[in-house]
Structures are given as C-alpha cells and as structure tokens.
Amino acid sequence: MRKLLCPQCKVSALYVKNADGDRRVVYVTVEGGVVPRNEGESLDGFDLDTVYCLGCSWSGSPKRLVRI
C-alpha cells in the first residue's frame, strides 16, 4: 500500500480524533482513503476530514498530503 505523507515533515503516520478526543493512528492511501494502522480497528465516529501528523504540529485535510 502506497501512503501519502505530511507536507511539512514527510512522515506517513497520522491520526484522527473523535468527538471525545480519542485518537486513532491512520495512514492515507494514494487513492485518498483513510485506513487504520492496526487491522480490525474501526474508524466509526472519527472525523476523517482532518488528519494530524504524529511527527510535527501539522494538521489539515487529507487532500493536502503529498507523495514522494
């Protein structure tokens, strides 16, 4: 699976949050799909419109991520 990267620090590990503030580590595929890092985890209830980088302070739309 090819992953998109943070535009600021080029890390592929990102996370999403839900309304309670819980975090789930995800990757974003080159097709734009947000998938959980650990198989079997669900993304139900998580906001997939904003992703947060685990390597720096960047956050934004998955559409702003870059390829290398």
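The structure reproduced in this document is the subject of the present report.

What counts and how
Residues numbered from 1 in each chain as written. Predicted model: local features only at pLDDT ≥ 70, side-chain atom pairs only at ≥ 80, totals over all residues. Heavy atoms only, no water. Helix = DSSP H or I, 4+ residues; strand = E, 2+ residues; numbered from the N terminus. Rg over C-alpha atoms; globule rule 2.2 N^0.38 Å. Buried < 20%, exposed > 50% of the residue type's maximum accessible area, 1.4 Å probe, protein only. Contact = heavy atoms within 4.5 Å. Areas by Shrake-Rupley, 256 points an atom, 1.4 Å probe, with all protein chains shown as cover. Lys, Arg positive; Asp, Glu negative; His and termini not counted. Charge placed at Lys NZ, Arg CZ, Asp CG, Glu CD. Core = buried A, V, L, I, M, F, W, Y, C linked by side-chain atoms within 4.5 Å.

Side note on the overall build of the protein
For the protein, the helix and strand inventory stands at zero helices and five strands. Listing the helices and strands of the protein from first to last along the sequence gives β-β-β-β-β. Whereas a compact globule of 68 residues would reach a radius of gyration of roughly 11 Å, the protein reaches 11 Å, a difference of no more than 12%. Once the C-alpha set of the protein is aligned to its principal axes, its extents read approximately 30 × 25 × 15 Å. Looking at the protein as a whole, 31% of its 68 residues are labelled buried. Relative to all contacts within the protein whose residues are 6 or more apart in sequence, the contacts with residues 24 or more apart total 54%. Counting only carbon and sulfur atoms, one obtains 43% of the accessible surface of the protein, whose full area is about 4300 Å². Positive and negative side-chain charges of the protein, numbering 10 and 8 respectively, have mean locations separated by a distance of 12 Å.

Some details on the nonpolar core
A general trend in soluble globular proteins is that nonpolar side chains are found buried together. Counting residues in hydrophobic clusters, the biggest one holds 13 residues, and the most contacted among them are Leu 14, Val 16, Val 26, Val 28, Val 51, Trp 58 and Leu 65. Those elements that place two or more of their residues in this core are strand 1 (14-17), strand 2 (23-28) and strand 4 (51-53). Contact partners of Val 28, with chain neighbours within four places excluded, come to Arg 2, Lys 3, Leu 4, Leu 14, Gly 33, Val 34, Val 51, Pro 62 and Leu 65.

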